[in-house]
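Next come the chains, spelled out residue by residue.
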Amino acid sequence: MLSAGPVLGRSSIRGTGGVSEHAGRSGVLRILHTSDWHLGRSFHRVNMLDAQAEFIGHLVATAREREADAVVVSGDVYDRAVPPLAAVELFDDALHRLADLGVPTVMISGNHDSARRLGVGAGLIDRAGIHLRTAPAACGEPVVLADAHGDVAFYGLPYLEPALVKGEFGVERAGHEAVLGAAMERVRADLAARTPGTRSVVLAHAFVTGGEASDSERDITIGGVAAVPSGVFDGVDYVALGHLHGSQAISERVRYSGSPLPYSFSESAHRKSMWLVDLGAAGEIEAERIDCPVPRPLARVRGDIETLLADPDLARHEESWVEATLTDPVRPDDPMARLCERFPHTLSLVFDPDRAPEDPDVSYAQRLKGRDDQQIAEDFVTHVRGAGPDERERIVLRDAFDAVRTDAVLIQDGVREVAR
């Protein structure tokens, strides 16, 4: 069993039977749930490092001011496996500030992170109250905190790439539901062996059925299926999810915090926030959204260029980051410069002329919109030979796409390099 152990500055929260000062006063254990920081990521070539640093400051201040007993970070700490030095320095700063605050923190790796790199030094960092969980084999080994009502077990399920972990979990065919289900069996087995009444929190990085995606999440489809049912997490008091960038509740007990900052214009309607979750004595949940500071609002505007330049209703977007979709039948002259005169923070320009669907000039990209790689490949087969693929051929195509995607993950995470 892994326990939280003593933590700096707040020895009343520990895995050796100590009581949280906040929990003893209000009768709940308070959890601050965040995810998908994507440190090092830009937004349409705008460097977001200052905004990410502001968020880290906001996170630490919120944990202190709202008397959080634990912080959970549900994956995608970094935006890529080998992050830029500035992003690593910001992460290091975040670790030091959380440790100095004395609030235990549990983090898992996401599909953008290199689990091996993020997990370096985890054993030493544990001593400061920062618990990095990046190894699939440790899914059933929780960080245990205690409050006035007993133990709370925090289980970290890092992103589980099915093709890479199916052997670890003994599943025959790689699939998200199969490997997550096997990981949760380990969680339930460990929980069943603990003192009756032990409450449980699971951190996971996955696409759960019912969640609303955006354009900025990396595709994790395997075998034509990306989503897993929320029922895979049954029996747990709270599930702190990461991966989807919109804050949302799949159910009372299963929630996405969403990313603290926008990373695509598809997030223009998002309210960027964290969840502040109170876990009661019997596992009851109360959750509050805590807004995150956003450097600039997002706006998507659409119309012909003359309308966009003149419409008084669009004045509210003049200081926003703007994605402009032009519907002019003919591409206007110098559109970006003209739009920037009114909307100086225009970052994206899209041409989508108003045309009838049967118009031969409708763009190829428009015809492919909303179709995944498998569907496009099957359409190509139909176009070439006049008949679509049969079931055997669909499986061949699907396996080929899965193999390419898994190969990319291996390269990203340095597995091939290590294997040599």
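Residues numbered from 1 in each chain as written. Predicted model: local features only at pLDDT ≥ 70, side-chain atom pairs only at ≥ 80, totals over all residues. Heavy atoms only, no water.

An unreviewed UniProt entry lists the chain under the name Nuclease SbcCD subunit D, with Streptomyces lasiicapitis as the source organism. Per UniProt, the comment on the chain under Subunit (unreviewed entry) is "Heterodimer of SbcC and SbcD." Under the UniProt heading Function (unreviewed entry), the note attached to the chain is "SbcCD cleaves DNA hairpin structures. These structures can inhibit DNA replication and are intermediates in certain DNA recombination reactions. The complex acts as a 3'->5' double strand exonuclease that can open hairpins. It also has a 5' single-strand endonuclease activity." (UniProt positions renumbered as here; feature names shortened; annotations may be inferred.)

### A short note on the sheet that holds strand β19 (residues 346-351)
Read from one edge to the other, the open sheet built from three strands follows the order β17-β18-β19, with strand pairing classed as parallel. In this open sheet, the two edge strands, each paired with only one partner strand, are β17 (298-303) and β19. The sheet shows a mean angle of 15 degrees between the axes of neighbouring strands, direction not considered. As judged from the six bridges shared by β17 and strand β18 (residues 321-326), these two strands associate in the parallel manner. For Val 301, the partnering residue across the bridge sits in β18 and is Ala 324. Against the sheet, helix α9 (residues 335-342) engages β18 and β19, with an angle of about 135 degrees to β19. (Pairing = 2+ DSSP bridges. Helix = DSSP H or I, 4+ residues; strand = E, 2+ residues; numbered from the N terminus. Axes fitted to C-alpha atoms, helices over the stretch in contact; angles between N-to-C directions. Contact = heavy atoms within 4.5 Å.)

### Some remarks on the packing of aromatic side chains
The full count for this structure, using the stated rule, is four aromatic pairs. A centroid spacing of 5.3 Å and a plane angle of 40 degrees characterise the contact between Phe 43 and Trp 321, whose relative ring orientation is tilted. Here the residue Phe 43 occupies a position in strand β2 (residues 42-43), and Trp 321 occupies one in strand β18, the gap between them amounting to 278 residues. One exposure class covers both Phe 43 and Trp 321, and it is buried. (Phe/Tyr/Trp six-rings, centres within 6.5 Å; stacked < 30°, edge-to-face > 60°. Buried < 20%, exposed > 50% of the residue type's maximum accessible area, 1.4 Å probe, protein only.)

### Focus: the confidence of the model for the chain
The share of residues in the chain with pLDDT of 70 or more is 81%, and the mean pLDDT across the chain is 86. Of the regions scoring below 50 in pLDDT, residues 1-25 engages in 72 contacts with residues more than four places distant in sequence or in other chains. Note that residues 415-420 has pLDDT below 50 and, in this model, six contacts with residues that lie over four places away or in other chains. (pLDDT = per-residue confidence, 0-100.)

### Structural notes on α9
Since there are 3.6 residues in each turn of an α-helix, residues three or four apart along the chain are aligned in direction. Among the residues making up α9, those that are buried are Pro 335, Leu 339 and Arg 342. For α9, the angular spread of buried residues about the axis comes to 50 degrees, placing them on one side. Buried residues belonging to α9 abut α8 (305-310), β18 and β19. (Arc of directions from axis to C-beta.)

### What about the pairing of strand β7 (residues 143-147)?
Burial runs high along β7: five of the five residues are buried. Neither face of β7 is exposed, since Val 143, Leu 145 and Asp 147 on one face and Val 144 and Ala 146 on the opposite face are all buried. Summarising the sheet, β7 and strand β8 (residues 150-157) pair through five bridges and their orientation is antiparallel. Along β8, the bridge assignment pairs Ala 146 with Asp 151. Counting the residues between successive antiparallel strands, the hairpin from β7 to β8 contains two residues.

### Some remarks on helix α3 (residues 85-101)
When the terminal C-alpha atoms of α3 are compared, their 24 Å separation across 17 residues agrees well with the 24 Å that a helix rising 1.5 Å per residue should span. Where α3 is buried, its residues touch α2 (49-65), β4 (70-74), β5 (105-108), α4 (115-118), α5 (122-126) and β6 (130-133). Looking at the residues trailing α3, positive phi occurs at Gly 102, about 80 degrees. (Expected span 1.5 Å × (residues − 1).)

### Section: empty space enclosed by the protein
Scanning all chains against the criterion turns up one cavity of 30 Å³ or more. Its boundaries defined by the atoms lining it, the largest cavity holds a volume of some 60 Å³. Lining the largest cavity are 11 residues, and of these Leu 160, His 176, Leu 180, His 205 and Ala 206 sit closest to its centre. With three residues, the single largest contributor to the lining of the largest cavity is helix α7 (residues 176-192). Looking at side-chain class alone, the lining of the largest cavity contains nine nonpolar, two polar and no charged residues. (1 Å grid on protein atoms, 1.4 Å probe; cavity = no way out; pocket = protein on both sides within 12 Å on 5 of 7 lines; lining within 4 Å. Points joined across faces, edges and corners; volume = space filled by probe spheres on them. Nonpolar A, V, L, I, M, F, W, Y, C, P; charged D, E, K, R; others polar.)

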